[in-house]
Each structure stands twice: as C-alpha cells, then as structure tokens.
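Coordinates in review
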Amino acid sequence: MKKILAALVYCWCGHALAQTTQELIDSGKNSENVTTFGMGYHLNQYSPLAQINKSNVKRLVPIWSTSLSNDTGELAQPTIYNGVMYVVNGNWTFALDVATGQQIWRTPVEYERAAARVGNPGVIVRGPATIYNGKLFRESIDCHVIALDMKTGKQIWKEKFADFNEGYTGIIAPLVANGVVITGMAGGDRTTRGFLDGWDPESGKKLWRRYTVPAPGEPGSETWPKDMPDAWKYGGGSTWQNGSYDPELDLVYWGTGNAEPYNPAYRGGADSLYTASVIAIRPKTGELVWHYQYIPNESYDFDGSAEPVLADLRIGGRVRKVLLNANKNGFMYVIDRTNGRLIAAHPFVKVNWASHVDLKTGRPVLTDIYERAVKGETVEIWPSRGTNASLMAFNPKTGLVYVNSWEIPRIMKYTKFEFVLGKGSTGVETSFRTPPSGEPWGYHMAFNPLTGKAEWKVPVTGTVISAGMLATDGGLLFTGRLNGEFIALDQATGQTLWKFKTGSGINSPPITYTHQGRQFVTVLSGIGGVLNRTMKAADAIPTGGSVWTFALMPD
C-alpha cells in the first residue's frame, strides 16, 4: 500500500509540473494559471475576468506581500501555475504559494560580478518566469541560459550564449514556442551584433542562431556599407525585449534594437537591416520568414524592440491577423502578421523627426532634423521615446490599445566615435529635457490603432511611467507609477478609481487570475532601470523589490 501511495504522489507531482505546449497555447482559458508573458502568447495584457470591476474596485485590498531580497529593480511579470507563483529578478528565482505568498523555494543567480558593470540597466530581468515541461528557464546577467527544476529550484542545465566582456548581457526572459526555448540578448548601446538563439529545453543544446545583422553575402547584407567592412560585426539590432508567438501560423515575432553607432556616419548612412525592425521566424529552425523595418538607417536610438502585440482586427470588411506596435519612435503601427505588410502607422505622441509614414513604401518621411544633425547641429528630437519598454494592453472587445506614453524630447548631437570592443558605441552626446512644473511628462492613453484617434488622454505630471498596462472585462485598467502607486483606471475615461502605495517604484506589468474561484491582481514593486536614474527619480524613491497581491475585501 505504501508503494502504491508513493507512486500516486509521484504521478500527481509529475502531472502538476508537466506543463505542455497546449497549456501555453491555452494561456488565459484557465484563469487559475498565467503561463506566458503578457497574459498569453499574443502579449495583449487583457483578461476577461470581471469579479473586480468599476463598481467594487474601492474594496480592493492587499492580501499578501513579500520581499524579493533585491535592490536592482523589478521589471518582470509573475507566472502562475497550479497554485504556485514563480518570480524572477536579476539576483533570485522564487516559487511562492499563490494564496499566502509563503516561499516554497528560492534559488540565487550565480553570475560573474564583473558583468554587473557592463549593462546600463543593471542586473535586471524583463519578461516572465518562463516555464515548460517541469522546468523554469531564465537568463543571467553574465550571458547564460539556465534551466531550473520547477519543484525544487535546483539547476538542471546552464549554457553560455555570449561573452559579457564584448558588451553582451542577459536580461531577457526566454520564450517557449513549439517546444523550443528562444532567448534574446541585450547590448544595444555597445559593440554587439544582435541575435536570437533556439535551445532544446531538455538538454540545453543550442539548436540554431538567427543574427539580426546579416553577414556579407547573406540576404540584407546589401543594406550595410561595403566600404566599411566591419560595420556589420558590431551593428546593433539587439533583442532586448520580449517576443510573441502565433501557434496557428507557427511564427515567432521579435523586435530588434537600434543600429550602432547611432551616428550614421559610421554606418555610411545605410539602411542597416535588420536593425529597428520586427522579424518573423520559425521557432524550430530560426528561419526568417519576413521582416518590416520601422526606420531604415535608424539614427536616434528609437529601436524597434517594443513587444509585438497580436490581434485580429476587422479592416475593410474582413478580419485580418495583425501585429500592433507602440514604437519608441512615436508611431503606433498596424502590420499584417502573415506577410509583414504595413496597414497603418499613426503618431500617438508628439513627433518631429518624421512627418508621416508612407504606407506604400513603409518608410518614414523624414523632416529636416536628420540633415541638421548630420551637419553637426544639436537637435531636439520628439519623442525621446513614445513609451519606455512597458507593455501596452489591447482589449479585443473595444479594439483600443491602452498605453503609458512619454512626452519628453531628447537633445542630441552626433560626435566622434572611437571603437573599443565591449564599450559604449553610441557616437552621440545626449540629454533629456524634462517638462516645467505642472506640464505633462506623459499620458495614460486609450488609442485607436486604425484611425489614429486618442479616445482619451489623462496627463501624468512630475514623473515618467514605465509600468505596463492590464485591461480587464471589469472595465478597469491596472498600472503603476514611479512613486510606488498601484492604480486602477476607468477603461472608458482614464479616471483613477483606486490606488495603493507600495514600497518602491513600479516598472513591471501586472497580472490578474483566479485562485479557487476568487480573482486576484499581482504586481511587482521595485525601482530599477537606467532611465529612472537619468531622470533622477531614484533620488526620491527607495529601492527594494517586493510582490503585492490584491483581492476584494469581503462584503
């Protein structure tokens, strides 16, 4: 009998942790689990849950909170599976009890401390705790991919993907698509060449590498200058934010970062594929299926790395599979995700570097800002970024996107660049001009991606916002502020309906789910990231990572 019971317990544990590809695809259908980043492979940060709604949100209270033993910033999103919450940051991996926050296990991230001095954002993680088939996958700052046992937190395998001494860092959460673990890299302001890697989840064997800058002779290499033979080797195109996946088309979509250096003189002013682009690849092989370049010859640090959100929109009388992107360059893009053709592109913040995007060519129509800059002028560029590495939300019922925008210019001048392997490679002098007292730093915004119309805009003063949005069928938007406030907005108007002060700044996207039928909302708190230091926000806000979980106070 004891052997039978032991076998049953073993089988139950194995079932509880044997997460499948289908469970990843079905993320969102079982509200007790949140198995992928962005509330699903589509990254739309939307939930049909409505127990917490506009009429009762004032009864929302913290159920539990726990420390994450970390001062370097919380930019990740929790993952929920079978009553366990998994949380990652730059220094730790946690498994917590969903109902109480009680720690089940905690595993330190072992990395070479010198790597912490390489990347400007510091020792952070963007994305989720990535889980699949009983394993949790993550990166470390010193460029390793790590697989942990979900039940115990013990390391199963660890593989190196780059050398941090050459400017690379590992701050990106992996994506599991069609049974392959896909990882990106950071280093877009240093002498790096962007890539994505595919890994076997069981053994850690590298299956493929897809570079985002082509070598000579490869497709796209003609867009790099021939008289600068080494430009492509350190050309940028980092993959420092997270991708999405369409299981029906079996395509992974991933944005790529800026070209390096920013100063176009060192790239011959060439288009520089596949930087500042979105690429669609096959997860099994890394094969490039299509690409769209947001900005050829990207020279303003605009990147193209913001998360590609997948949606189905009715356009011209028929439903089309599209990709939505709130780009750092200030335009909101609608792209056909089956073939990469541009459908719409509208500015959602003040833009002065381009007058519009030509829908026939897909290229932005530049203003005189570029010519003035290459002549040596100091220029003011709007925006410095349309939004800052924060997930927007898309509600398929309203057809609107909800985004935290920035309304701050960048002051920039191209300068001489001296190549040093692993060091900064911007080729610019730059600063940010913050708004005068009382003027908006940005907006909470509801935006129609097809018409380009803002349905509402609520100004945010005194600070920028780098937290993600979450839309629910309760008519709410959840997001956070740098001062530590976790807030709920009216999805129809943007009015603040509820707020709660956490211990530090909020930079991460919230999630919602149910546990034993009760709706919960969870967010990480903990200021981090380079721009929070640049904007001097960290001077007034204490560090310290924590998890906060909320639910309705009983009547």
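Keep in mind that what you see is a predicted model, and the values were worked out from it rather than measured.

Reading the values: the criteria
- Residues numbered from 1 in each chain as written.
- Predicted model: local features only at pLDDT ≥ 70, side-chain atom pairs only at ≥ 80, totals over all residues.
- Heavy atoms only, no water.
- Helix = DSSP H or I, 4+ residues; strand = E, 2+ residues; numbered from the N terminus.
- Rg over C-alpha atoms; globule rule 2.2 N^0.38 Å.
- Buried < 20%, exposed > 50% of the residue type's maximum accessible area, 1.4 Å probe, protein only.
- Contact = heavy atoms within 4.5 Å.
- Lys, Arg positive; Asp, Glu negative; His and termini not counted.
- Charge placed at Lys NZ, Arg CZ, Asp CG, Glu CD.
- Pairing = 2+ DSSP bridges.
- Axes fitted to C-alpha atoms, helices over the stretch in contact; angles between N-to-C directions.
- Core = buried A, V, L, I, M, F, W, Y, C linked by side-chain atoms within 4.5 Å.
- Salt bridge = Lys/Arg side-chain N within 4 Å of Asp/Glu carboxyl O.
- Phe/Tyr/Trp six-rings, centres within 6.5 Å; stacked < 30°, edge-to-face > 60°.
- Lys NZ or Arg CZ within 6 Å of the ring centre and 35° of its normal.
- pLDDT = per-residue confidence, 0-100.
- Polar contact = N/O pair within 3.5 Å; in protein donor to acceptor, adjacent residues only side chain to side chain.

**Examining the overall build of the protein chain**
In terms of regular secondary structure, the protein chain is built from four helices and 40 strands. For the protein chain, whose C-alpha radius of gyration is 22 Å, the value lies close to the compact-globule estimate of 24 Å for 555 residues. With respect to the principal axes defined by its C-alpha atoms, the protein chain has extents near 80 × 50 × 50 Å. Per-residue burial for the protein chain yields a buried fraction of 63% across its 555 residues. In the protein chain, 61% of the contacts between residues at least 6 apart in sequence involve partners at least 24 apart. Across the protein chain, the centroid of the 54 positively charged side chains sits 3 Å from that of the 49 negatively charged ones.

**Description of the environment of A114**
Note that A114 resides in the loop between strand 7 (103-108) and strand 8 (126-128). Through-space distance from the C-alpha of A114 to that of F164 is 8.6 Å; in sequence the pair is 50 residues apart.

**Looking at the sheet that holds strand 37 (residues 496-501)**
If you trace the five strands from one edge of the open sheet to the other, you get 1-34-35-36-37, paired in mixed fashion. In the strand order of this sheet, the two ends are held by strand 1 (46-47) and strand 37, each with one partner.

**A look at the sheet that holds strand 31 (residues 428-432)**
Taken together, three strands build an open sheet; the order of strands is 27-30-31 and the sheet is antiparallel. Across the chains shown, the open sheet's two edge strands, defined by having one partner strand only, are strand 27 (379-381) and strand 31. With direction set aside, neighbouring strand axes in the sheet form an average angle of 30°.

**Here's the deal with the nonpolar core**
Formed by 53 residues in total, the largest nonpolar core has its most connected members in W290, Y292, Y300, L324, Y333, I335 and W353. Apart from the residues lying within four places of it in its own chain, the contact partners of W290 are L251, Y253, V278, I279, A280, L323, I335, D336, R337, T338, N339 and G340. Residues I80, V87, V125 and L497 belong to the second largest nonpolar core, which totals 50 residues.

**What about the pairing of strand 25 (residues 354-357)?**
Both strand 25 and strand 26 (residues 364-366) contribute to a ladder of three bridges, which runs antiparallel. Note on strand 26: the bridge partner recorded for V357 is P364. Between strand 25 and strand 26, which pair antiparallel and follow one another directly, the connecting turn spans six residues, one of which, G362, has a positive phi of 80°.

**Some remarks on the pattern of salt bridges**
One side chain can pair with another of opposite charge once the charged atoms of both are near each other. All chains considered together, the criterion is met by 20 salt bridges. Among the salt bridges present, the one from R433 reaches E380, with a minimum N-O distance of 3.1 Å. In this pair, R433 is assigned in the loop between strand 31 and strand 32 (440-447) and E380 in strand 27, connecting sequence segments 53 residues apart. Between K416 and E418 there is a salt bridge whose closest N-O contact spans 3.4 Å. Given the relative accessible area of 53%, E418 is considered exposed. Connected via shared salt-bridge partners are D301, D303, K328 and R410.

**Here's the deal with the packing of aromatic side chains**
A full pass over the atoms with the stated rule returns 29 aromatic pairs. Connected via pairs of aromatic rings, a cluster forms that spans Y292, Y294, Y300, F302, F331, Y333 and W353. One residue, R106, lies across the ring of W92, its end atom 4.1 Å from the ring centre. When the ring centre of Y111 is taken as reference, the NZ or CZ atom of R113 above it lies at 4.1 Å.

**Some remarks on the pairing of strand 11 (residues 144-149)**
Across the six residues that make up strand 11, a large majority, five, are buried. Bridge count between strand 11 and strand 12 (residues 155-160): five bridges; the pairing is antiparallel. Paired with H144 across the strands is K160, a residue of strand 12. Here strand 11 folds back onto strand 12 in antiparallel fashion, the turn holding five residues, of which G153 has a positive phi close to 80°.

**Digging into unusual backbone geometry**
That bond from L273 to Y274 is cis: its omega, 0°, falls within 30 degrees of zero. One can find Y274 in the loop between strand 18 (251-255) and strand 19 (277-281). In this chain, W382 is followed by P383 through a cis amide linkage whose omega measures -5°. Looking at where P383 falls in the secondary structure, it is placed in the loop between strand 27 and strand 28 (393-395). The phi torsion at N82 lies on the positive side, around 50°, for a residue other than glycine. On the basis of relative accessible area, N82 is assigned to the partly exposed category, the value being 42%.

**Observations concerning the confidence of the model for the protein chain**
The share of residues in the protein chain with pLDDT of 70 or more is 95%, and the mean pLDDT across the chain is 93. Under a pLDDT of 50 for its full length, residues 1-15 has, in the predicted model, two contacts with residues more than four places off or in other chains.

**Concerning the side chain of N297**
When you line up the elements, N297 lands in the loop between strand 20 (288-293) and strand 21 (309-315). The buried category is assigned to N297, whose relative accessible area is 12%. One polar contact links N297 to R267, side chain to side chain, over a distance of 3.2 Å. At a separation of 2.9 Å, a polar atom in the side chain of N297 contacts the side chain of Y370. Those residues in contact with N297, other than ones at most four positions away along the chain, are P264, R267, G269, A270, D271 and Y370.

**Here we look at the side chain of S47**
You can see S47 is positioned in strand 1. Discounting chain neighbours no more than four positions away, the residues touching S47 are M39, A471, T472, D473 and T512.

**Describing the environment of N133**
Relative to the assigned elements, N133 resides in the loop between strand 9 (130-132) and strand 10 (135-140). Placed 97 residues apart in sequence, N133 and D230 show a C-alpha to C-alpha distance of 42 Å. Among the polar contacts made by the side chain of N133, one reaches the side chain of E202 at a distance of 2.7 Å.

**Topic: the environment of G83**
Mapped onto the elements, G83 comes out in the loop between strand 4 (79-81) and strand 5 (84-88). Of the residues examined, G83 reaches a relative accessible area of 22% and is grouped as partly exposed. Residues in contact with G83, not counting those within four places in the same chain, are L96, D97, V98 and H515.

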